[in-house]
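Notes for the structure review
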Amino acid sequence: MKVQEAIKSRRSIRRYKTTPVDDRTVERVLEAARWAPSWANNQCWRFIVVRDNKTKAELANALLSVEKGGTPDGNPAFRAINNAPVVIVACAELGKSGFYGEEPATDKGDWYIFDVALAMQNLALAAHELGLGTVHVALVDAKKAASILQVPDGFCVVEMTPLGYPDQEPRPRPRKELSEIVSYEKFSFQTPCD
Ligand SMILES: Cc1cc2nc3c(=O)[nH]c(=O)nc-3n(C[C@H](O)[C@H](O)[C@H](O)COP(=O)(O)O)c2cc1C
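Predicted, not measured: the structure shown is a model, and the values here were computed from it. (Residues numbered from 1 in each chain as written. Predicted model: local features only at pLDDT ≥ 70, side-chain atom pairs only at ≥ 80, totals over all residues. Heavy atoms only, no water.)

**Describing the pattern of salt bridges**
Two side chains carrying opposite charge are able to pair once their charged atoms lie near each other. Applicable threshold: A pair is scored as a salt bridge if a Lys or Arg side-chain nitrogen falls within 4 Å of a carboxyl oxygen belonging to Asp or Glu. Going along the chain from the N terminus, every DSSP run of H or I of four or more residues is numbered as a helix, and every run of E of two or more is numbered as a strand. Only protein chains enter the accessibility calculation, which uses a 1.4 Å probe; a residue is then buried when its area is under 20% of its type maximum, exposed when over 50%, and partly exposed in between.
Scanning the entire structure with this criterion turns up six salt bridges. Between Asp23 and Arg51 there is a salt bridge; the shortest N-O distance is 3.0 Å. Of the two residues, Asp23 sits in helix α2 (residues 23–34) while Arg51 sits in the loop between β1 (45–50) and α3 (53–60), which places them 28 residues apart along the sequence. Residue class for Asp23 comes out exposed when judged on its relative accessible area of 56%. Among the salt bridges present, the one from Asp107 reaches Lys108, with a minimum N-O distance of 3.0 Å. For the residue pair Asp107 and Lys108, the accessibility class agrees, reading exposed in each case.

So this is what it looks like as structure tokens:
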């Protein structure tokens with residue numbers, strides 16, 4: 001699959017077949033994550049592969065709802081985290097990305113979310129090429145997820161994705177036109193102050 005085709009045909013998948021995903025296939029998608037770029041090549045990401053149904057159910061219960069004050073099943077990925085054969089949880093070591101020594105190098109502070117996002121999107125595209133589905137799931141009580149997985153201090157949970165064979169073919173979600181999101185030479189978009 002060509003890169004442009006993979007980028008444009010990938011969809012968030014929230015319904016999965018029960019068909020198992022073997023270890024070799026999981027390793028192939030993790031290999032794509034491993035080759036992502038990162039700040040000064042620090043590779044602060046860590047990935048936890050979860051197959052245990054009880055742990056998946058606990059992770060699903062750590063999701064947050066799209067409704068304020070709602071229950072975890074109010075996250076559209078709740079069933080997917082429960083039912084997909086594999087869940088991959090992306091964690092990060094804190095205080096590495098965007099840092100030179102103890103000090104953050106930019107006004108953005110810790111760049112761990114950025115690095116993990118690059119790795120996880122590599123993973124999503126590699127999975128798609130192999131006929132597998134994923135969905136980035138970040139609306140989660142990350143501290144609760146970290147406690148379930150015994151993630152130690154100095155690391156945090158960033159996001160998770162179910163991984164499995166899709167049992168749906170979602171239509172593409174709309175995207176803004178380039179004319180709405182690209183300007184040339186200077187920033188020339190309407191702002192709330194205009
Ligand atoms: C940072 C981030 C967090 C997301 N969190 C969730 C989530 O918690 N639950 C969910 O069902 N989808 C989540 N999504 C998936 C988005 O809703 C989805 O990518 C978007 O609607 C575009 O659809 P597409 O991926 O099919 O193109 C998340 C996506 C991103 C990039």
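**Notes on the packing of α2 against helix α5 (residues 112–129)**
We count it as follows: Orientation is described by lines fitted to C-alpha atoms, with helices fitted over the stretch in contact, and by angles between N-to-C directions that extend from 0 to 180 degrees. Handedness of a crossing is defined here by the sense of rotation of the near helix relative to the far one, left-handed for an anticlockwise turn of less than a right angle and right-handed for a clockwise turn. Whether two residues are in contact is decided by their heavy atoms: any pair within 4.5 Å suffices.
Packing of α2 against α5 brings their axes to within 7 Å, and their N-to-C directions diverge by 140°. At the point where α2 passes α5, the crossing takes the right-handed sense. Across the interface between the two elements, Val29, Leu30, Ala32 and Ala33 of α2 pack against Ala119, Asn122, Leu123, Ala126 and Ala127 of α5.

**Comments concerning the site of the ligand**
Our working rule: A molecule or strand has a residue near it when one of that residue's heavy atoms lies within 4 Å. Pairing of N or O atoms within 3.5 Å defines a polar contact, subject to two protein rules: one partner must be a possible hydrogen donor and the other a possible acceptor, and residues neighboring in sequence count only if both atoms are side-chain atoms. Residue-level accessible areas treat just the shown protein chains as cover; the underlying method is Shrake-Rupley with a 1.4 Å probe. Three residue categories are used. Nonpolar comprises Ala, Val, Leu, Ile, Met, Phe, Trp, Tyr, Cys and Pro, charged comprises Asp, Glu, Lys and Arg, and polar comprises the others, including Gly.
As a matter of local geometry, the ligand sits amid 14 residues, with Ser12, Arg14, Asn75, His136 and Arg175 nearest to it. Take His136: an N or O atom from its main chain is 2.9 Å from a nitrogen atom of the ligand. Between Leu139 and the ligand, the recorded distance is 3.1 Å, taken from a backbone N or O atom to an oxygen atom. Protein coverage of the free-state accessible area of the ligand, which is 620 Å², stands at 66%. A breakdown of the residues in the shell around the ligand according to their chemical character gives six nonpolar, three polar and five charged.

**Some thoughts on a nonpolar patch on the surface**
Counted only if it meets this: Each patch groups residues whose relative accessible area exceeds 30% and which form no salt bridge, using 9 Å between like charges and 5 Å between nonpolar side chains of Val, Leu, Ile, Met, Phe, Trp and Tyr.
On the surface, a cluster of nonpolar side chains totalling about 240 Å² of accessible area is made up of Leu64, Val66 and Leu139. Summarising the element assignment, Val66 is placed in the loop between α3 and α4 (78–83).

**Side note on the layout of surface pockets**
How we decide: The method works on a 1 Å grid over the protein atoms by themselves. A cavity is a set of points holding a 1.4 Å probe that cannot get out, a pocket is an open set with protein on both sides within 12 Å along at least five of seven lines, and residues with an atom within 4 Å of a point line them. Grid points are joined across faces, edges and corners, and a volume is the space filled by probe spheres set on the points.
In this model, the largest pocket occupies a volume close to 450 Å³. Arg10, Arg11, Pro172, Arg173 and Arg175 are, among the 13 residues lining the largest pocket, the residues nearest its centre.

**With respect to the sheet that holds strand β2 (residues 86–93)**
The criterion, for reference: What makes two strands pair is DSSP finding at least two bridges between them.
Taken together, three strands build an open sheet; the order of strands is β1-β2-β5 and the sheet is antiparallel. The sheet is open, and its two borders are formed by β1 and β5 (155–163), each paired with just one other strand. Pairs of neighbouring strands in the sheet enclose a mean axial angle of 25°, with direction left out of account. Sheet analysis places β2 next to β5, joined by eight bridges and oriented antiparallel. Each residue of the ladder has a partner; that of Ala92, found in β5, is Cys156. Running over the sheet, α2 touches β1, β2 and β5 and is turned about 165° from β1.

**Some words on the packing of aromatic side chains**
Stated precisely, the cut-off is as follows: A pair of aromatic rings is counted whenever rings of Phe, Tyr or Trp (Trp by its six-membered ring) have centres within 6.5 Å, and the orientation is called stacked for planes under 30 degrees apart, edge-to-face for over 60 and tilted otherwise.
Inspection of the entire model under this criterion finds four aromatic pairs. An angle of 35° between the planes, with centres 5.8 Å apart, marks the rings of Trp39 and Trp111 as tilted. Here Trp39, found in the loop between α2 and β1, pairs with Trp111, found in the loop between β4 (103–104) and α5; they are 72 residues apart in sequence, far enough to count as distant. Judged by relative accessible area, Trp39 falls into the buried class, the value being 19%. On the basis of relative accessible area, Trp111 is assigned to the partly exposed category, the value being 22%.

**With respect to α5**
Condition: Every helix has an expected span of 1.5 Å times one less than the residues it contains.
With 18 residues, α5 extends 26 Å from end C-alpha to end C-alpha; this agrees with the ideal 26 Å at 1.5 Å per step. Among the residues of α5, Tyr112, Asp115, Val116, Ala119, Met120, Leu123, Ala124, Leu125, Ala126, Ala127 and His128 are the ones counted as buried. Of the surrounding secondary structure, the elements contacted by the buried residues of α5 are α1 (3–9), α2, β1, β2 and β5. One or two steps after α5, the chain reaches Gly131, where phi turns positive at roughly 85°.

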